[in-house]
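# Topology and contacts: notes
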Amino acid sequence: MLAAGLPVGMSAPGRTEADILRIHREALGGTATIEALKAYRAEGVTKLEAGEVEFTLWAARPNKERIESRVAGKTMVQSYDGVTAAWGMPEDGKPALLSPGEAREFIASAAFDGPLVDSTAKGYAVTYAGEESVEGRNCLHLILAARDLQLIDLFVDAETYMVLKRVSARPEVPDAAKLETFFSDYRQVAGVMMPFRVTTFEGERMVTDTRIERITPLAALPDSLFEMPAVAGG
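One structure accompanies this document, and this report is about it. Being a predicted model, the structure only gives us computed values, none of them experimental.

## Here's the deal with helix α3 (residues 100–110)
Those residues of α3 not exposed but buried are Gly101, Ala103, Phe106 and Ala110. Against β3 (64–71), β4 (74–80) and β5 (86–89) lie the buried residues of α3.

What follows is the structure in structure tokens.
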């Protein structure tokens with residue numbers, strides 16, 4: 001067993017970046033099953049510090065996503081069209097582009113199969129950094145370098161090959177704690193393993209705790225669902 005803290009770039013025999021990415025893809029369901037899932041709708045509840053929010057999420061290949069959150073009878077929207085704009089529409093109904101930090105996090109979450117499937121095409125260089133423990137589970141630590149040179153740390157369960165934890169910085173917020181996101185309660189959706197619980201912390205503070213109640217596979221979704229509406233008078 002490889003000891004935690006092995007220097008970056010050193011791998012146990014048979015445990016290279018290519019090995020991990022291949023086994024991860026197979027564990028998710030395999031290439032054919034993964035590619036057969038073209039779109040889906042998810043429904044659930046997110047717990048915030050101020051209370052709970054019901055949401056519906058739509059996602060489509062390769063990286064389109066829309067979330068509608070309902071609070072006190074009002075609906076707020078965040079969406080990414082997969083190409084040009086990550087945008088939001090608050091309660092006043094006036095769409096606007098997300099801030100750079102919000103947009104980066106939202107676009108990263110919109111990657112349909114996660115960052116490790118077709119990672120090169122998604123703009124990530126992957127480095128295996130050894131084994132570490134995450135909540136008592138032995139994990140493979142991967143460092144992903146994006147095209148903008150931002151680094152993401154992913155921790156993949158060494159037994160199931162599911163992603164258990166993601167750590168990302170927020171360079172636009174000086175001295176801010178890194179965001180730590182935990183993925184759990186994996187279940188099959190049309191043969192593909194997907195997390196039904198996602199919890200994010202900023203330091204010791206819980207930011208969001210999302211529990212998905214159902215995910216419905218879909219054949220397709222219209223592009224217009226994800227596109228930013230024209231602003232009147234703009």
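Now that the structure has been shown, we can carry on.
## Details of the pairing of strand β13 (residues 205–218)
Looking down a regular strand, the side chains alternate between one sheet face and the other. Of the pairings in the sheet, the one linking strand β1 (residues 39–48) to β13 comprises nine bridges and is antiparallel in character. Bridging from a neighbouring strand, Tyr40 pairs with Pro217 of β13. In the sheet, strand β12 (residues 192–202) pairs with β13 via six bridges, with the strands oriented antiparallel. For Phe201, the partnering residue across the bridge sits in β13 and is Met206. Once β12 ends, the chain turns through two residues before running back antiparallel as β13, passing Gly203 with a positive phi of about 65°.

## Brief notes about the environment of Trp58
If you trace the backbone, Trp58 turns up in strand β2 (residues 51–60). What makes Trp58 buried here is its relative accessible area of 15%. Each C-alpha atom of the pair Trp58 and Ala42 lies 6.5 Å from the other, and the pair is 16 residues apart in sequence. Excluding residues within four positions of it along the chain, Trp58 makes contact with Tyr40, Arg41, Lys64, Glu65, Arg66, Glu68, Leu221, Leu225 and Phe226.

## Considerations on the pairing of strand β7 (residues 125–134)
Here β7 pairs with strand β8 (residues 137–145) via eight bridges, running antiparallel. Counterpart to Ala125 in the pairing with β8 is Ala145.

## Thoughts on unusual backbone geometry
The omega torsion of the bond from Arg61 to Pro62 falls at -5°, within 30 degrees of zero and hence cis. Positionally, Pro62 belongs in the loop between β2 and β3. Even without a glycine there, the phi angle at Ala190 is positive, about 50°. Along the chain, Ala190 turns up in the loop between β11 (179–189) and β12. In this structure Ala190 comes out as partly exposed when scored by relative accessible area, which is 49%.

## Brief notes about the pattern of salt bridges
All told, the structure shown has 16 salt bridges when counted by the stated rule. With a shortest N-O distance of 2.8 Å, Arg197 and Asp209 are connected by a salt bridge. Of the two residues, Arg197 is situated in strand β12 and Asp209 in strand β13; the sequence distance between them amounts to 12 residues. Here Arg197 falls in the partly exposed class, since its relative accessible area comes to 26%. Judged by its relative accessible area of 7%, Asp209 falls in the buried class. Shared partners join several salt bridges into a network, and the residues in it are Asp19, Arg22 and Glu26.

Definitions and limits used
Per chain, the residues get numbers from 1 upward, laid out in the order the sequence is written. Reporting of local features is limited, given that this is a predicted model, to residues whose pLDDT is at least 70; pairs of side-chain atoms are given and counted only at 80 or more, and all residues count toward the totals for whole chains, interfaces and linings. The side-chain quantities take in all heavy atoms of the structure and omit both hydrogens and water. Throughout this description, buried means an accessible area under 20% of the type-specific maximum (1.4 Å probe, protein chains only), exposed means over 50%, and partly exposed covers the range between. Secondary structure elements are defined from DSSP: runs of H or I of at least 4 residues count as helices, runs of E of at least 2 residues count as strands, and each element is numbered from the N terminus. Any two residues whose heavy atoms approach within 4.5 Å at even a single point are treated as in contact. Here, any two strands with at least 2 DSSP bridges between them count as paired. Whenever Lys or Arg places a side-chain nitrogen within 4 Å of a carboxyl oxygen from Asp or Glu, that contact is recorded as a salt bridge.

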